[in-house]
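Next come the chains, spelled out residue by residue.
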Amino acid sequence: MNKSTLEYRDSVAELRGVLVADGSPAAKRPGIILFPDARGIGTHATAQAEQLARLGFVVLVADLYGGGKTAPDVPQAIVLMNALRADTTRWRERADAARLALMQQTTVDAGKLAAIGYCFGGTTALELARTGADLAAVVSFHGGLASERPEDAANIRGSVLVCHGAADALVSPTQLASFEDIMSRTSVDWQVHVHGGAAHGFTNPELIDMALPNHAYHEAADRRSWAAMLGLFEDVFGMRLR
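Presented here is a report on the structure given in the accompanying data block. (Residues numbered from 1 in each chain as written. Predicted model: local features only at pLDDT ≥ 70, side-chain atom pairs only at ≥ 80, totals over all residues. Heavy atoms only, no water.)

**Here's the deal with the sheet that holds strand β6 (residues 137-141)**
Phase 1: Read across the sheet, eight strands follow the order β1-β2-β4-β3-β5-β6-β7-β8 without closing on themselves; strand pairing throughout is mixed. Since the sheet does not close on itself, it has two edges, and those belong to β1 (2-9) and β8 (190-195), each with one partner. Within the sheet, the average angular offset between the axes of one strand and its neighbour, ignoring direction, is 20 degrees.
Phase 2: Inspection of the sheet shows strand β3 (residues 29-35) paired to strand β5 (residues 108-118) by six bridges, in the parallel sense. (Pairing = 2+ DSSP bridges. Helix = DSSP H or I, 4+ residues; strand = E, 2+ residues; numbered from the N terminus. Axes fitted to C-alpha atoms, helices over the stretch in contact; angles between N-to-C directions.)

**Focus: the pairing of β5**
Along any regular strand the residues' side chains alternate between the sheet's two faces.
Phase 1: Relative to β6, β5 runs parallel, the two sharing five bridges. Counterpart to A114 in the pairing with β6 is A137.
Phase 2: The handedness of the β5 to β6 crossover, carried by helix α4 (residues 120-130), is right-handed. (Right-handed = clockwise from strand over helix to strand, strands pointing away.)

**Some words on the packing of helix α1 (residues 43-54) against helix α6 (residues 219-237)**
Phase 1: Direction vectors running N to C along α1 and α6 enclose 40 degrees, while the axes themselves pass 13 Å from each other. The orientation of α1 relative to α6 falls into the category oblique. The element α1 and its partner α6 pack so that their crossing is right-handed. Residues Q48, Q51 and L52 of α1 lie in contact with α6, whose contacting residues are W226, M229 and F233. (Parallel < 35°, antiparallel > 145°, perpendicular 65-115°, else oblique. Left-handed = near helix turned anticlockwise from the far one by under 90°. Contact = heavy atoms within 4.5 Å.)

Pasting the structure below:
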């Protein structure tokens, strides 16, 4: 497995993502932009990127905050997250900078890109999609579903998969219903999978030992949501992954 720091930038910040690929010689392959949770690039995000790389993707774990900055704890993560999403235009530009950086890699087929994200990263992936970015697929795992510009959902060009926990106390049923209503008024190919008993952060086994309120790992939801993502990638990229 090849992992390297990829330096790129947007209009205001120098960014440092992590580029992950399996290292085998091959023709250009699909690229995945992976947006981590609000803490920034960490163990969970890079582990997911490695799994995708083994399946034949080139993955960029995106830098949310600049300089590869990460948060040591949840309170600091909330501060960083709120500062970024306070300006939707800047937030979307930060997300698109990762897409543009991945497109420029010689091993990536720039016409075959997807974006995925976890928690705040899932929200970020959806915001990127709302810009009309050229993405074949967008996947949100336990991400927030509200947007300051919900009408921009009509701009989404790729297929959308939202994996949501029925026991997620941080994303209300009202927010979910509003998202579904907005998407239903577009021509976008979209789906929402609701996983019974799953709380916020259900894909992250690190939560087993963290005792973080309103968060919990859920093995079945983790496994099933991953399979749903692979099924979508098989559809949009014409690959056999399972």
